[in-house]
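# Survey of secondary and tertiary structure
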Amino acid sequence: MVSMFLHELSRKISREWGMRVDGEVYGELVRLRFGNRCPYCDRSLKDTGSVIEHLDGMNQYRAGLHIPGNVLVSCRKCNSEKRRDDGRKTLILADCGWASFLSHDGSRCPESCATCRYWVTVWGDESERKQRLSENLEKIHKFRREFPNFEAATAALLIVLPDVLKKLYSDCQIFAESEINSLLEKF
Ligand SMILES: [Zn+2]
Ligand SMILES: [Zn+2]
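This one's a predicted model, so the numbers in the text were calculated from it and none came from an experiment. (Residues numbered from 1 in each chain as written. Chains lettered and ligands numbered in written order. Predicted model: local features only at pLDDT ≥ 70, side-chain atom pairs only at ≥ 80, totals over all residues. Heavy atoms only, no water.)

Moving on to the coordination of the zinc ion (ligand 1). The protein atoms that coordinate the zinc ion (ligand 1) are C38 (SG), C41 (SG), C75 (SG) and C78 (SG), at distances spanning 2.3 to 2.4 Å. Each donor residue of the zinc ion (ligand 1) belongs to the same chain, and together they define the spacing C-x2-C-x33-C-x2-C. Using a relative accessible area of 1% as the deciding quantity, one classes C38 as buried. Owing to a relative accessible area of 3%, C41 belongs among the buried residues under this scheme. (Donors = N, O, S within 2.8 Å, 3.2 Å for Na, K, Ca; no water. Buried < 20%, exposed > 50% of the residue type's maximum accessible area, 1.4 Å probe, protein only.)

Here we come to empty space enclosed by the protein. Overall, the coordinates contain one cavity of 30 Å³ or more when judged by the stated rule. A volume near 40 Å³ is recorded for the largest cavity. As for the largest cavity, its lining consists of D56, A63, G64, L65, N70, F150, T154, L157 and L161. Looking at side-chain class alone, the lining of the largest cavity contains five nonpolar, three polar and one charged residues. (1 Å grid on protein atoms, 1.4 Å probe; cavity = no way out; pocket = protein on both sides within 12 Å on 5 of 7 lines; lining within 4 Å. Points joined across faces, edges and corners; volume = space filled by probe spheres on them. Nonpolar A, V, L, I, M, F, W, Y, C, P; charged D, E, K, R; others polar.)

Note that an α-helix has 3.6 residues per turn; residues three or four places apart therefore point the same way. Inspection of helix α2 (residues 24-34) places Y26, V30 and F34 among the buried residues, and these make up the whole buried set. Mapping the buried residues of α2 onto a view down its axis gives an arc of 45 degrees, with all of them on the same face. Set apart from the buried face of α2 by more than 90 degrees, the exposed residues are E24, V25 and L32. Contacts from the buried residues of α2 go to β2 (71-75) and α7 (126-145). (Helix = DSSP H or I, 4+ residues; strand = E, 2+ residues; numbered from the N terminus. Arc of directions from axis to C-beta. Contact = heavy atoms within 4.5 Å.)

Bringing the pattern of salt bridges into the picture now. Here the structure, examined in full by the defined rule, presents 15 salt bridges. For K82, the salt bridge goes to E53, with nearest N and O atoms at 2.9 Å. You can see K82 sitting in the loop between α3 (76-81) and α4 (83-86) and its partner E53 sitting in strand β1 (residues 50-54), a full 29 residues away along the chain. Judged by relative accessible area, E53 falls into the buried class, the value being 2%. A salt bridge links E128 to R132, with the nearest nitrogen and oxygen atoms 2.7 Å apart. With E128 and R132 both in helix α7 and four residues apart, this pair spans about one turn of that helix. What makes E128 partly exposed here is its relative accessible area of 29%. Three or more residues joined by partner-sharing salt bridges are found here, namely D42, E128 and R132. (Salt bridge = Lys/Arg side-chain N within 4 Å of Asp/Glu carboxyl O.)

Right, dumping it as structure tokens:
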């Protein structure tokens, strides 16, 4: 339900701006900026399975939208590894999920951190790893700055959306529970 609401809100915003993420223009721009490579790990998307990726995840904590500046294409592996950060209520390494994902350089987490370990498998050498992570962080920041309307809208929405989503989530749960209970009484 949360994701459904975020998708509807995205449609409304995209209509107002006249730029869609499923259009040719946007797809071409993303390809140009990231050269058909995963924006997180640099692997060529020709060699790995690629998926549509939302920088700010579309869940109740990250409140990301399916709109220009938040949608790109990543490798399947990074998309799934990033979910650990996206699913955390509070982030420590950065103020958003994608920046947090790219901040696991092995210097600030406990040794057991699965994301830090993931980056070691991508770039074994520590100084290369730190450099590539920070380069990719900057590249994505730059990409986001190409959509100033989006950045402004996101900042404004992030003030109100988390509470709205929390309420939507809990209302849906209460509704589902009471529906299930009333159905159960019929059997
Ligand atoms: Zn990747
Ligand atoms: Zn870590």
